[in-house]
Amino acid sequence: MESKYIFVTGGVTSSLGKGIVSASLGMLLKSRGYKVSILKLDPYFNIDPGTLNPYEHGECFVTKDGAETDLDLGHYERFLNQSTTRENNVTSGIIYKTVIDNERKGNYLGKTVQVIPHITNEIKRRIKILGESKIYDIIITEIGGTVGDIESLPYIESVRQMKWELGKFNGLVIHLTLLPYITVTGEIKTKPTQHSVRNLMENGIQADIIVCRTEKHISKNIRQKLALFCNVKPIHVIESIDSKIIYEIPYLLHLQNFDKVVLNHLKLSTIISPNLKKWKIFIKKYKNPKYEVKIALVGKYVSLHDSYKSITEALIHAGTENKIYVNIKWIYSEMIKKENIKKYFKGISGILIAPGFGYRGIEGKILAAKYARENKIPFLGICLGMQIAVIEFARNVLGLKKAESFETNPHTSHPVICLMERQKKIINKGGTMRLGNWKCSFIEGSKIFSIYRKKEVFERHRHRYEFNNNYLECFSKAGMKAVGINPDTGLVEALELDNHIFFLGVQYHPEYKSRITNPHPLFTYFIKISKIYKSFDIQNSSYI
Ligand code: GLN
């Protein structure tokens, strides 16, 4: 079967949750037995978000094949319980670079290179790559940005062309808009949606389904009014009500027959109902926790929680698995000082030091790692978090007071975190880190081995600097052991501390692989042990 294509556009404002709606639809279709993949088109000119500050666009999500991508790909993976690859995220940077490179090679045979057809052809080619793989029945394409934005125009035009080329039953456009609620008059307003749908029509696209983001339920009247003004049937007007739990959204959409309406439009069978059993169990468990633990998340981008999206989601998955509500205390690392550290970690049952770049906030993170080590508080250091634990141990246990990372001081006399030879020659920042899946072998008898219950795993990486193996022996003798090693390069992937309830640093990012139906074992263990820490007199515990 040829793949069918669904396009998801957004109108009225940004941040309405196109990623979640796309992921929810993908999940519903997959749970009916269809093979689905979701693609995100981002209208910015960066080649990828790898060079972006998280405050610009939130977390940078890394795929198994080492692409640095938009955080929505994390939602796609978590909702569909399947991995994405670099084909699932395309930016204007990639599109324009490809076209310009083609022009330099003389591939356009003397033609004037233009937005239509050259840029739009390249956009369409990228959209079709996943379809042409013959693996998927349905390709959902989320168009980043908002209809009406100058930079979105080539994408909207490509959707218009594709929809026409695909024909009536092979392509479908879902338009997500906002229905504002005016508190003073107690009314939901449809006008912005009408304008937005009209805006899309000015670009030659008739939306087939309107999904309305709303804070109040929409009445039959509103559905009928929108249907009348937007040329769709009332059953094609779907509400997407604000929900505290994003994982509830697929179910809420399903109750309005969203997936059925989509399949009917594409002339695909609806005989198999979605199997939402595991999903429902998760929601029930999530809503009814038996315990609570407070976890400190120490980072420097904490005022935008989206900067750590996969970590917070992994904590939710792990908490739910353990029937525990994970209460995250966000701690801005620059604020941590010797004098106030106790105040920050009062009532905390686990400390997580987040990934990061650069020197700002480093000393606060080192104090946090020291606090966790000395007070035997469960600790998980991810990527930079592991490197911080290493620096702290070097300074305060090994007595190497000048220990630093090469990243913050290339002239340090003790570069416990260093730069590999092949990284030294690299000039470009974009796409040049150690990225994507790398193998990690665990030392038998280690805590991490007992958590994974596997000798070898693949985990995703995104970093330039590494543990300096010249220090391996003295770290090990003093009680910090390399327990995860890349078997091909000898690079240290995980370190753990002796005589501690749980003190683990991992050079990779376990958060990228956590799914609701398959929580990551490291997070699950971290939350479990944090609860034990909270409820025990830990000094007398047999867990040490
Ligand atoms: N800045 C560190 C490095 O590049 C850590 C990166 C991270 O935490 N993702 O090695």
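Predicted, not measured: the structure shown is a model, and the values here were computed from it.

## Focus on the site of the ligand
Near the ligand, the surroundings consist of Pro355, Gly356, Phe357, Cys383, Leu384, Gln387, Glu407, Arg462, His463, Arg464, Tyr465 and His509. Backbone polar atom of Leu384 to an oxygen atom of the ligand: 2.9 Å apart, as the coordinates give it. The backbone of Arg464 places a nitrogen or oxygen atom 2.9 Å from an oxygen atom of the ligand. A total of 300 Å² of accessible area belongs to the ligand in isolation, and the protein chains cover 99% of it. When residues of the shell around the ligand are traced back to their parent elements, those giving at least two are helix H15 (384–396) and strand S19 (456–463). Counted by class, the shell around the ligand contains five nonpolar, four polar and three charged residues.

## Observations regarding the pairing of strand S18 (residues 434–442)
Two strands pair when backbone bridges link them, and S18 and S19 are joined in this way by eight bridges, in the antiparallel orientation. What sits directly across from Leu435, in S19, is Arg462. Pairing analysis gives two bridges linking S18 to strand S21 (residues 480–485), with the strands arranged antiparallel. Pairing of Ser441 across the sheet is with Ile485, part of S21.

## Description of the confidence of the model for the protein
Of the residues in the protein, 99% have a pLDDT of 70 or more, and the chain-wide mean is 94. Under a pLDDT of 50 for its full length, residues 537–544 has, in the predicted model, 15 contacts with residues more than four places off or in other chains.

## Some remarks on the pairing of strand S23 (residues 503–506)
Each regular strand shows side chains that alternate between the opposite faces of the sheet. Because side chains alternate across S23, one face comprises the buried residues Phe503 and Gly505, and the other comprises Leu504 and Val506, equally buried. Summarising the sheet, strand S22 (residues 492–497) and S23 pair through three bridges and their orientation is antiparallel. Bridging across to S23, Leu495 finds its partner in Gly505. What sits between the antiparallel neighbours S22 and S23 is a turn of five residues, in which Asn499 has the positive phi angle 50°.

## Digging into the pattern of salt bridges
A complete count under the given rule lists 32 salt bridges for this structure. Salt bridges sharing partners connect three or more residues here, namely Lys40, Asp42, Asp70, Asp72 and Glu142.

## Description of the packing of helix H5 (residues 115–132) against helix H6 (residues 153–166)
Close contact between H5 and H6 brings their axes to 9 Å; oriented N to C, the two are set at 70°. Taken together, the axis directions place H5 and H6 in an arrangement best described as roughly perpendicular. Crossing geometry of H5 relative to H6 is assigned as right-handed. Only Pro154, Tyr155, Glu157, Ser158, Gln161, Met162 and Glu165 of H6 make contact with H5, whose side of the interface consists of Val115, Ile116, Ile119, Thr120, Ile123, Lys124, Ile127 and Lys128. When the residues that make up the contact of H5 with H6 are grouped by side-chain class, the tally is eight nonpolar, three polar and four charged.

## Focus on helix H7 (residues 191–202)
For H7, built from 12 residues, the straight-helix expectation of 16 Å at 1.5 Å per residue is met to within 8% by its first-to-last C-alpha distance of 16 Å. Listing the buried residues of H7 in full gives Thr193, Gln194, Ser196, Val197 and Leu200. Along the axis of H7, the buried positions cluster into a sector of 165°, meaning they face one direction only. Elements in contact with the buried residues of H7: strand S1 (4–10), H6, strand S7 (171–178), strand S10 (209–214) and helix H8 (220–230).

## Some words on the nonpolar core
Nonpolar side chains in soluble globular proteins generally cluster together in the buried interior. Counting residues in hydrophobic clusters, the biggest one holds 80 residues, and the most contacted among them are Leu315, Phe345, Ile351, Leu352 and Ile448. Beyond its immediate stretch of four places on either side in the chain, Ile351 contacts Ala296, Val298, Phe345, Ala368, Tyr371, Ala372, Ile377, Pro378, Phe379, Leu380 and Phe526. By size, the runner-up hydrophobic cluster in this structure holds 44 residues, among which are Phe61, Leu172, Ile245 and Val262.

## What to know about the sheet that holds S23
Either a parallel or an antiparallel arrangement is found when strands of a sheet pair, and the pairing is made through backbone hydrogen bonds. Taken in spatial order, the nine strands line up as S13-S12-S14-S15-S23-S22-S21-S18-S19 in an open sheet, and their pairing is mixed. Every other strand in the sheet has two partners, leaving strand S13 (324–332) and S19 as the edge strands with one partner each. Each strand axis lies, on average, 30° off the axis of its neighbour in the sheet, ignoring direction. Relative to strand S14 (residues 350–353), strand S12 (residues 291–299) runs parallel, the two being bridged by four bridges. Of the residues in S14, the one forming a bridge with Leu297 is Leu352. Against the sheet, helix H14 (residues 362–374) contacts S12, S14, strand S15 (379–382), S22 and S23, and its axis sits at roughly 150° relative to S14.

## A few points about the environment of Glu142
With respect to the secondary-structure elements, Glu142 resides in strand S6 (residues 138–143). Residue Glu142 is classed as buried on the basis of its relative accessible area, which comes to 2%. Taking the C-alpha atoms as reference points, Glu142 and Ser22, separated by 120 residues in sequence, lie 6.8 Å from one another. Separated by 2.4 Å, the side chains of Glu142 and Tyr76 make a polar contact.

## A short note on helix H4 (residues 92–104)
The end-to-end C-alpha separation of H4 is 18 Å, in line with the 18 Å expected for 13 residues at 1.5 Å each. Inspection of H4 places Ser92, Gly93, Ile94, Ile95, Thr98, Val99 and Asn102 among the buried residues, and these make up the whole buried set. Where H4 is buried, its residues touch strand S2 (36–42), strand S5 (89–91), H5 and H6. Downstream of H4 by a residue or two, Gly106 has a phi angle that is positive, lying close to 80°.

## Some remarks on the sheet that holds S10
The seven strands lie next to each other as S5-S2-S6-S1-S7-S10-S11, forming an open sheet whose pairing is parallel. With partners counted over all chains shown, the strands left at the sheet margins are S5 and strand S11 (237–241), one partner each. Ignoring strand direction, the axes of neighbouring strands in this sheet form an average angle of 20°. Across three bridges, S2 lies against S5 in parallel orientation. Bridging across to S5, Asp42 finds its partner in Thr91. Packed onto the sheet, H5 meets S1, S2, S5 and S6 and runs at close to 165° relative to S2. Its contacts with the sheet put helix H10 (residues 258–265) on S1, S6, S7, S10 and S11, and the angle it makes with S7 is roughly 145°.

## Section: the packing of aromatic side chains
In this structure the tally under the stated criterion is 17 aromatic pairs. Seen in terms of ring centroids, Phe79 and Tyr247 are 5.4 Å apart; in terms of plane orientation they differ by 35°. Their pairing is tilted. With Phe79 in helix H3 (residues 72–80) and Tyr247 in the loop between S11 and helix H9 (249–255), this pair connects stretches of sequence that are 168 residues apart. With 5.2 Å between their ring centres and 65° between their planes, Phe502 and Tyr525 make a pair best called edge-to-face. Separated by 23 residues along the polypeptide, Phe502 in the loop between S22 and S23 and Tyr525 in helix H19 (residues 521–535) bring together distant segments of the chain. Here Tyr525 falls in the buried class, since its relative accessible area comes to 16%.

Definitions and cut-offs
- Residues numbered from 1 in each chain as written.
- Predicted model: local features only at pLDDT ≥ 70, side-chain atom pairs only at ≥ 80, totals over all residues.
- Heavy atoms only, no water.
- Near = heavy atom within 4 Å.
- Polar contact = N/O pair within 3.5 Å; in protein donor to acceptor, adjacent residues only side chain to side chain.
- Areas by Shrake-Rupley, 256 points an atom, 1.4 Å probe, with all protein chains shown as cover.
- Helix = DSSP H or I, 4+ residues; strand = E, 2+ residues; numbered from the N terminus.
- Nonpolar A, V, L, I, M, F, W, Y, C, P; charged D, E, K, R; others polar.
- Pairing = 2+ DSSP bridges.
- pLDDT = per-residue confidence, 0-100.
- Contact = heavy atoms within 4.5 Å.
- Buried < 20%, exposed > 50% of the residue type's maximum accessible area, 1.4 Å probe, protein only.
- Salt bridge = Lys/Arg side-chain N within 4 Å of Asp/Glu carboxyl O.
- Axes fitted to C-alpha atoms, helices over the stretch in contact; angles between N-to-C directions.
- Parallel < 35°, antiparallel > 145°, perpendicular 65-115°, else oblique.
- Left-handed = near helix turned anticlockwise from the far one by under 90°.
- Expected span 1.5 Å × (residues − 1).
- Arc of directions from axis to C-beta.
- Core = buried A, V, L, I, M, F, W, Y, C linked by side-chain atoms within 4.5 Å.
- Phe/Tyr/Trp six-rings, centres within 6.5 Å; stacked < 30°, edge-to-face > 60°.

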